[in-house]
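Descriptive analysis of the structure
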Amino acid sequence: MKQWIDRLRWERTLRPEEFRQLLTECDAELLRYINKQAQEVSLLHFGNKIYIRGLIEISNCCRNNCYYCGIRKGNPNIERYRLTQESILDCCKQGYESGFRTFVLQGGEDPVLTDDKIERIVTNIRQEYPDCAITLSLGEKSRNTYERFFKAGANRYLLRHETYNEAHYQQLHPAEMSGKRRLQCLQDLKDIGYQTGTGIMVGSPGQTVEDIIEDILFIERLRPEMIGIGPFLPHHDTPFAQCPSGTVAQTVLLLSIFRLMHPSALIPATTALATLASDGRERGILAGANVVMPNLSPREERKKYELYNDKASLGAESAEGLIALQKQLNAIGYEISTERGDFIQYTTDYTDFHRLRMNRNKSVKIRVICGENEKRENI
Ligand code: SF4
């Protein structure tokens with residue numbers, strides 16, 4: 001199967017039956033191999049720099065009841081909170097001083113946080129921090145609402161589709177939610193011009209290999225700028241409390257598959273992966289991830305945003321733990337980048353890449369096309 005992994009790297013796709021075999025028969029040696037290939041691709045595009053995004057969890061109130069989620073409406077056992085605009089701006093201020101140049105405003109679909117309020121918050125952040133990217137992760141909205149937020153200054157939007165297969169989607173969500181609606185939201189976001197992120201939970205209840213293949217092919221068609229791949233982790237107050245977690249191995253395998261298929265994509269080593277294993281973040285980066293999202297939320301609220309059991313929000317998962325994060329990254333040969341880290345579409349010249357492979361000890365000119373601008377870089 002190594003030849004298939006090589007082909008995945010150079011042709012950026014495989015046939016469904018090849019994906020099936022890779023997903024079901026990948027042993028430890030093959031996993032090391034594909035992780036290494038994906039890491040090389042990530043290094044070629046991003047060097048050893050890891051972008052940091054400051055995560056601000058603005059509300060744990062939600063009108064939805066997704067069966068896997070700890071802050072679902074039907075959970076009576078959590079203390080609900082909602083940050084004020086002042087508190088959000090304060091988080092941004094602290095984050096900016098620490099070097100963050102992307103703020104991610106994440107929250108449930110909170111009816112109290114109306115479009116007007118979010119628009120005002122985005123406008124104020126945009127005015128105060130014109131050099132920063134604003135990412136929203138606030139669930140499904142109308143196209144008109146997405147357009148308003150975009151015009152107010154939001155640049156990116158994260159909305160995991162969770163699963164492309166409608167029957168599986170219905171296993172994970174109550175009847176009033178629809179996979180089709182979510183896919184439409186993703187298309188709207190792309191059309192409006194957001195850098196758009198989607199992704200899946202690995203090992204979610206009822207997920208089959210066929211579902212994962214559908215997800216791979218959907219993401220191949222959508223070509224999102226950001227791809228979030230994290231393991232499913234159960235939460236004790238949900239209908240899936242007794243379901244087993246996804247595995248680190250399957251998560252980093254998929255992470256590498258997506259890195260090989262989408263070399264320019266921004267792919268986080270997720271908090272869920274860092275929660276599942278003490279070395280989860282490092283394993284994600286060594287499998288091709290190039291982003292981490294430390295938590296900038298007020299410390300007293302973090303525990304209340306418990307999407308799954310024991311969600312990490314302190315230490316290297318926190319904004320105040322940047323030194324610890326830097327040390328962890330240094331230990332595996334990486335360092336924090338405080339650049340904004342926007343998506344750049346690299347159209348690489350394969351001949352040059354092959355030459356690079358053949359001439360590892362020489363400085364090789366790589367032709368890189370970034371949007372409309374073409375430049376040459378030494379690698
Ligand atoms: S996953 Fe998102 S939309 Fe679903 S219940 Fe949780 S916060 Fe709400």
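In this text, all values refer to a predicted model and were calculated from it rather than measured experimentally.

What counts as what
Residues numbered from 1 in each chain as written. Predicted model: local features only at pLDDT ≥ 70, side-chain atom pairs only at ≥ 80, totals over all residues. Helix = DSSP H or I, 4+ residues; strand = E, 2+ residues; numbered from the N terminus. Buried ≥ 20, exposed ≤ 12 C-beta atoms within 10 Å, placed from the backbone. Contact = placed C-beta atoms within 7 Å. Pairing = 2+ DSSP bridges. Axes fitted to C-alpha atoms, helices over the stretch in contact; angles between N-to-C directions. Near = placed C-beta within 6 Å. Nonpolar A, V, L, I, M, F, W, Y, C, P; charged D, E, K, R; others polar. UniProt positions renumbered as here; feature names shortened; annotations may be inferred. Core = buried A, V, L, I, M, F, W, Y, C linked by C-beta atoms within 7 Å. Left-handed = near helix turned anticlockwise from the far one by under 90°. Parallel < 35°, antiparallel > 145°, perpendicular 65-115°, else oblique.

Topic: the overall build of the protein
For the protein, the count of helices and strands is 15 helices and 11 strands. Across the 379 residues in the protein, those meeting the buried criterion constitute 42%. Sequence separation of 24 or more characterises 74% of the internal contacts of the protein that already satisfy a separation of 6 or more.

Digging into the sheet that holds strand 2 (residues 54–59)
Each strand in a sheet pairs with another by means of backbone hydrogen bonds, the pair being arranged parallel or else antiparallel. Across the sheet, which stays open at both edges, the six strands sit in the order 2-3-4-5-6-7 with parallel pairing between neighbours. Looking along the sheet, the strands with just one partner apiece sit at the ends: strand 2 and strand 7 (226–231). Direction aside, the axes of adjacent strands within the sheet are offset by 20° on average. With six bridges joining them, strand 6 (residues 195–202) and strand 7 adopt parallel strand pairing. When the sheet's bridge partners are listed, glycine 199 is paired in strand 7 with glycine 228. Against the sheet, helix 4 (residues 85–98) engages strand 2 and strand 3 (102–107), with an angle of about 170° to strand 2.

Quick word on the site of the ligand
If you check the shell around the ligand, you find Cys62, Asn64, Cys66, Cys69, Ile71, Arg72, Gly108, Glu109 and Gly139 and nothing else. Residue composition of the shell around the ligand, grouped by class: four nonpolar, three polar and two charged.

Quick look at the environment of glycine 341
As for its placement among the helices and strands, glycine 341 is situated in the loop between strand 9 (335–337) and helix 15 (350–358). Under the C-beta neighbour-count criterion, glycine 341 is labelled partly exposed, with 19 such atoms within 10 Å. Note: C-alpha distance between glycine 341 and threonine 102 (239 residues apart in sequence) is 8.1 Å.

Overview of the UniProt feature "binding site: [4Fe-4S] cluster" (unreviewed entry) in the protein
In the numbering used here, UniProt assigns the feature "binding site: [4Fe-4S] cluster" (unreviewed entry) to Cys62, Cys66 and Cys69. Assessed through the 20 C-beta atoms surrounding it within 10 Å, cysteine 62 is described here as buried. Once residues within four sequence positions are removed from consideration, cysteine 62 is found in contact with Ile71, Arg72, Lys73, Gly108, Glu109 and Asp110. By the secondary structure assignment, cysteine 66 is in the loop between strand 2 and helix 4.

Remarks on the environment of alanine 249
Looking at the element boundaries, alanine 249 is found in helix 10 (residues 248–261). For alanine 249, a count of 15 C-beta atoms within 10 Å gives the class partly exposed. For the pair formed by alanine 249 and arginine 32, sequence separation is 217 residues and the distance between their alpha carbons is 10.0 Å.

Quick word on the nonpolar core
If you look at the biggest cluster of nonpolar residues, it comprises 90 residues, and the most contacted ones within it are Ile56, Phe103 and Phe258. For this core, the element with the most residues is helix 10, which contributes eight residues. Excluding residues within four positions of it along the chain, phenylalanine 258 makes contact with Ile219, Ile227, Ile229, Ala265 and Ile267.

Looking at the sheet that holds strand 8 (residues 291–292)
The three strands are arranged 8-1-9 in an open sheet whose pairing can be described as parallel. Of all strands in the sheet, those bounded by a partner on one side alone are strand 8 and strand 9. Pairing between strand 1 (residues 49–52) and strand 9: three bridges, direction parallel. Looking across to strand 9, one finds that isoleucine 50 is bridged to isoleucine 336. Against the sheet, helix 14 (residues 322–331) engages strand 1, strand 8 and strand 9, with an angle of about 125° to strand 9.

A look at unusual backbone geometry
A positive phi angle is found at glutamate 162, which is not glycine, with a value near 70°. With respect to the helices, strands and loops of the structure, glutamate 162 is situated in the loop between strand 5 (156–158) and helix 7 (166–172). On the basis of neighbour counts, which here come to 21 C-beta atoms within 10 Å, the residue glutamate 162 falls in the buried class. Positive phi values are uncommon outside glycine, yet arginine 223 reaches one of about 50°. Examined against the element boundaries, arginine 223 turns out to sit in the loop between helix 9 (209–222) and strand 7.

Looking at the packing of helix 6 (residues 143–152) against helix 8 (residues 179–192)
When two helices pack together, their arrangement is given by the angle between the helix axes and the distance between those axes. Across the interface, helix 6 lies against helix 8 with an axial gap of 10 Å and an inter-helix angle of 35°. Once helix 6 is placed against helix 8, the crossing between them reads as right-handed. Side by side, helix 6 and helix 8 meet where Arg143, Tyr146, Glu147 and Phe150 of the first sit next to Asp188, Leu189 and Ile192 of the second. Considering only residue class, the contact of helix 6 with helix 8 consists of four nonpolar, no polar and three charged.

Things to note about the environment of serine 87
Inspection of the secondary structure puts serine 87 in helix 4. A count of 16 C-beta atoms within 10 Å places serine 87 in the partly exposed class. For the pair serine 87 and isoleucine 58, spaced 29 residues apart in sequence, the C-alpha separation works out to 9.0 Å.

Quick word on the packing of helix 4 against helix 5 (residues 115–128)
The N-to-C vectors of helix 4 and helix 5 enclose an angle of 30°; their axes lie 11 Å apart at closest approach. In terms of orientation, helix 4 and helix 5 fall into the roughly parallel class. Relative to helix 5, the crossing made by helix 4 is right-handed. Touching Gln85, Ile88, Leu89 and Cys92 of helix 4 are Arg120, Ile121, Asn124, Ile125 and Glu128, all from helix 5. Looking at the contact of helix 4 with helix 5, its residues break down into five nonpolar, two polar and two charged.

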